[in-house]
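A closer look at the structure
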Amino acid sequence: MNPVLPDPTSSSPQLVCRAVLPLDTPRVLELTRQIWNGQDYIPFVWQDWLADAAGFLAVAEYGERLAGLGKLTRLAEDEWWLEGLRVHPEFEGRGFATHIHRYLMERWRALGKGVVRLATASKRIAVHRICEKLGFHKVAEFGAYDRQAQAEGQASDFCLIWEEELAEAFAFASQSPLLPLCFELVDLGWQWAKPRLAYLQRYVAASQAYWWRGRTALVCVEEDDEDEGKSLMIRWVACEPQELEGLLADFANLAAQNGYRKAAWIAPLQAPILEALAKAGYQPAWDFSLYIFEYAE
Ligand SMILES: CC(C)(COP(=O)(O)OP(=O)(O)OC[C@H]1O[C@@H](n2cnc3c(N)ncnc32)[C@H](O)[C@@H]1OP(=O)(O)O)[C@@H](O)C(=O)NCCC(=O)NCCS
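Here is a short report on the structure shown in this document. Just so you know, these numbers come straight off a predicted model, no measurement behind them.

Time to look at the site of the ligand. By nearness alone, 21 residues border the ligand, and E92, G93, T98, R129 and K133 come closest of all. R129 has a polar side-chain atom sitting 2.7 Å from an oxygen atom of the ligand. Isolated, the ligand exposes 950 Å² of accessible area, and the fraction of that covered by the protein chains is 69%. For the shell around the ligand, the elements supplying multiple residues, two or more each, are β4 (79-87), α3 (96-111), β5 (115-121) and α4 (125-133).

Spelled out as structure tokens, the structure:
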């Protein structure tokens, strides 16, 4: 189905999807205030999203009203991410999100290739339904786990990965037997993608990539941007599955040494990983999980 265009014979408004304009900003911020009790993250990333020339940011207008929005983000030439799907609560249940999603997929077919993914909560049935209708498949499921950081003073065995070790580190991470248990995906910060040298390079350049116990494991970390100053999150981990428990336990030391109260991981929901998390003292932090859906052509 094409995006809904104005029908000159109809007197009632039609939904029109189009590229965003900077002057849409006040109405977008007004819309996002209605989402998740005012806790939507979009206001914090909006200026970056407007400035992102490689992706495509869409709004949907219904008559004079801004009814919704959504964003297509380019991670790599053949790897894309859909995010920010929003419909104003007054317009829910009319198929608007389906239209916005379909419109963004049309833009993707014009702009990109390869694969498109998105993340949504296990409880977000409307998005699951849209994904099913548009040919996406669920490829992964993650859940948030955390534990208190260890008391300061505990020794940890992490060592920053240097730029000149990047090729070696990427070869290590690509061959990690943990990767299949991670659904072959790594966390780029609320965006999951196949491991690539360029993604690891970003963590290395930001001094967020570590070796553990010599070359026993590799881990990339980042401060939890939703919980500023409180949690250090694992974004990417590579090791033998039997080393994971020890790594997770020691990661709580690293978090403490860097001044965080908690160590956290949005972890793949796979039995050996859940077992290692439990043994290392991590607890579930959410009462829902995250589904990753994928569309590939
Ligand atoms: C989630 C959201 C985008 C859905 O928007 P929407 O315009 O109401 O969605 P649609 O009307 O296109 O509905 C999509 C499908 O889900 C179904 N659906 C909607 N809510 C449902 C529910 N609670 N249970 C089961 N099915 C549901 C619809 O019937 C439709 O399926 P159909 O075409 O087979 O009838 C909107 O509610 C929203 O912005 N929520 C807050 C922000 C958010 O959660 N965004 C998603 C982040 S991943």
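Don't stop here, the text continues.
For the rest of this paragraph, the subject is the packing of aromatic side chains. Within the structure shown, the criterion is met by 17 aromatic pairs. Consider the rings of W190 and W286, whose centres lie 6.0 Å apart with planes at 20 degrees: the pair is stacked. Placement of W190 in the loop between β8 (186-187) and β9 (192-193) and of W286 in the loop between β14 (283-284) and β15 (290-296) is noted, with a sequence separation of 96 residues between them. Accessibility expressed as a relative area gives 25% for W286, which makes it partly exposed. Grouped by ring-pair contacts, the aromatic residues W81, F142, F183, W190, W192, W286 and F288 constitute a single cluster. Cation over ring: R107 sits above F56, and NZ or CZ is 4.9 Å from the ring centre. Across the ring face of Y291, the terminal group of K138 is positioned such that the distance to the ring centre comes to 3.9 Å.

Attention now goes to the packing of helix α1 (residues 25-32) against helix α2 (residues 42-51). Where α1 contacts α2, the axes come no closer than 10 Å and their chain directions differ by 150 degrees. Here α2 runs roughly antiparallel to α1, going by the angle between their axes. Between α1 and α2 lies a crossing of right-handed hand. Contacts between α1 and α2 involve T25, V28, L29 and T32 on the former and, on the latter, I42, P43, W46, Q47 and L50. Its residues assigned to classes, the contact of α1 with α2 shows six nonpolar, three polar and no charged.

What follows deals with the environment of A264. Secondary-structure assignment places A264 in strand β13 (residues 262-268). Each C-alpha atom, one on A264 and one on E223, is 9.5 Å from the other, the two residues being 41 residues apart in sequence. Ignoring anything within four residues of it in the chain, the contact list for A264 reads Y145, D146, S231, L232, M233, I234, F251 and Y282.

The next thing to look at is the environment of A97. Secondary-structure assignment places A97 in helix α3. Sequence separation between A97 and A249 is 152 residues; the distance between their C-alpha atoms is 42 Å.

Attention now goes to the nonpolar core. Burial of nonpolar side chains together is a common tendency in soluble globular proteins. The biggest cluster of nonpolar side chains holds 32 residues, and the ones touching the most others in it are V237, L244, L248, F251, W265, I273 and Y282. If you list the elements that add at least two residues to this core, you get β10 (209-212), β11 (217-223), β12 (231-239), α7 (244-257), β13 and α8 (271-279). Looking at this core element by element, the count peaks at eight residues for α7. Dropping the residues within four chain positions of it, L244 is found in contact with L178, V237, C239, W265, I273 and A276. L75, A173, Y199 and L218 belong to the second largest nonpolar core, which has 31 residues in total.

Before going further, it helps to spend a moment on α2. Those residues of α2 not exposed but buried are I42, W46 and W49. Mapping the buried residues of α2 onto a view down its axis gives an arc of 80 degrees, with all of them on the same face. Of the exposed residues in α2, the ones pointing more than 90 degrees away from its buried face are F44, Q47, D48 and A51. Structurally, α2 contributes buried residues whose contacts are with α1, β2 (56-62), β3 (65-76) and β4.

What counts and what doesn't
- Sequence order sets the numbering: in each chain, residues are counted from 1 along the sequence as written.
- It should be noted that, the model being predicted, local features are given only for residues of pLDDT at least 70 and side-chain atom pairs only at 80 or more, the latter also being counted only at that level, while totals for whole chains, interfaces and linings use all residues.
- By convention in this description, side-chain values take in all heavy atoms of the structure and omit both hydrogens and water.
- Residues are classed as near a molecule or strand on a simple rule: at least one heavy atom within 4 Å of it.
- Whenever a nitrogen or oxygen atom comes within 3.5 Å of another N or O atom, the pair is scored as a polar contact, on the condition that within protein one atom can donate a hydrogen and the other can accept it, and that pairs from neighbouring residues in sequence are kept only if both atoms are in side chains.
- Note that accessible areas follow from Shrake-Rupley with a 1.4 Å probe, and for residues the cover is restricted to the protein chains shown.
- Strands are runs of DSSP state E lasting at least two residues, helices are runs of H or I lasting at least four, and both sets are numbered from the N terminus onward.
- Aromatic pairing here means that ring centres of Phe, Tyr or Trp (its six-membered ring) are within 6.5 Å. Orientation follows from the plane angle: under 30 degrees is stacked, over 60 is edge-to-face, and everything else is tilted.
- Accessible area is worked out with a 1.4 Å probe on protein chains only. A residue is then buried under 20% of its type maximum, exposed over 50%, and partly exposed in between.
- Put simply, a charge is over a ring when the Lys NZ or the Arg CZ is close to the ring centre, within 6 Å, and near the line of the ring normal, within 35 degrees.
- Axes here mean lines fitted to C-alpha atoms, for a helix over just the part in contact, with angles spanning 0 to 180 degrees between N-to-C directions.
- Orientation is classified from the angle alone, with under 35 degrees giving roughly parallel, over 145 giving roughly antiparallel, 65 to 115 giving roughly perpendicular, and any other angle giving oblique.
- Throughout, a crossing is termed right-handed when the near helix is turned clockwise from the far one, and left-handed when it is turned anticlockwise from it by less than a right angle.
- A contact between two residues is defined here by any heavy atoms of the two lying within 4.5 Å.
- Here the term charged refers only to Asp, Glu, Lys and Arg, the term nonpolar to Ala, Val, Leu, Ile, Met, Phe, Trp, Tyr, Cys and Pro, and the term polar to all other amino acids, Gly among them.
- Think of a nonpolar core as a cluster: buried Ala, Val, Leu, Ile, Met, Phe, Trp, Tyr and Cys residues, connected wherever their side-chain atoms sit within 4.5 Å.
- Think of the arc as the fan of directions from the helix axis to the C-beta atoms.

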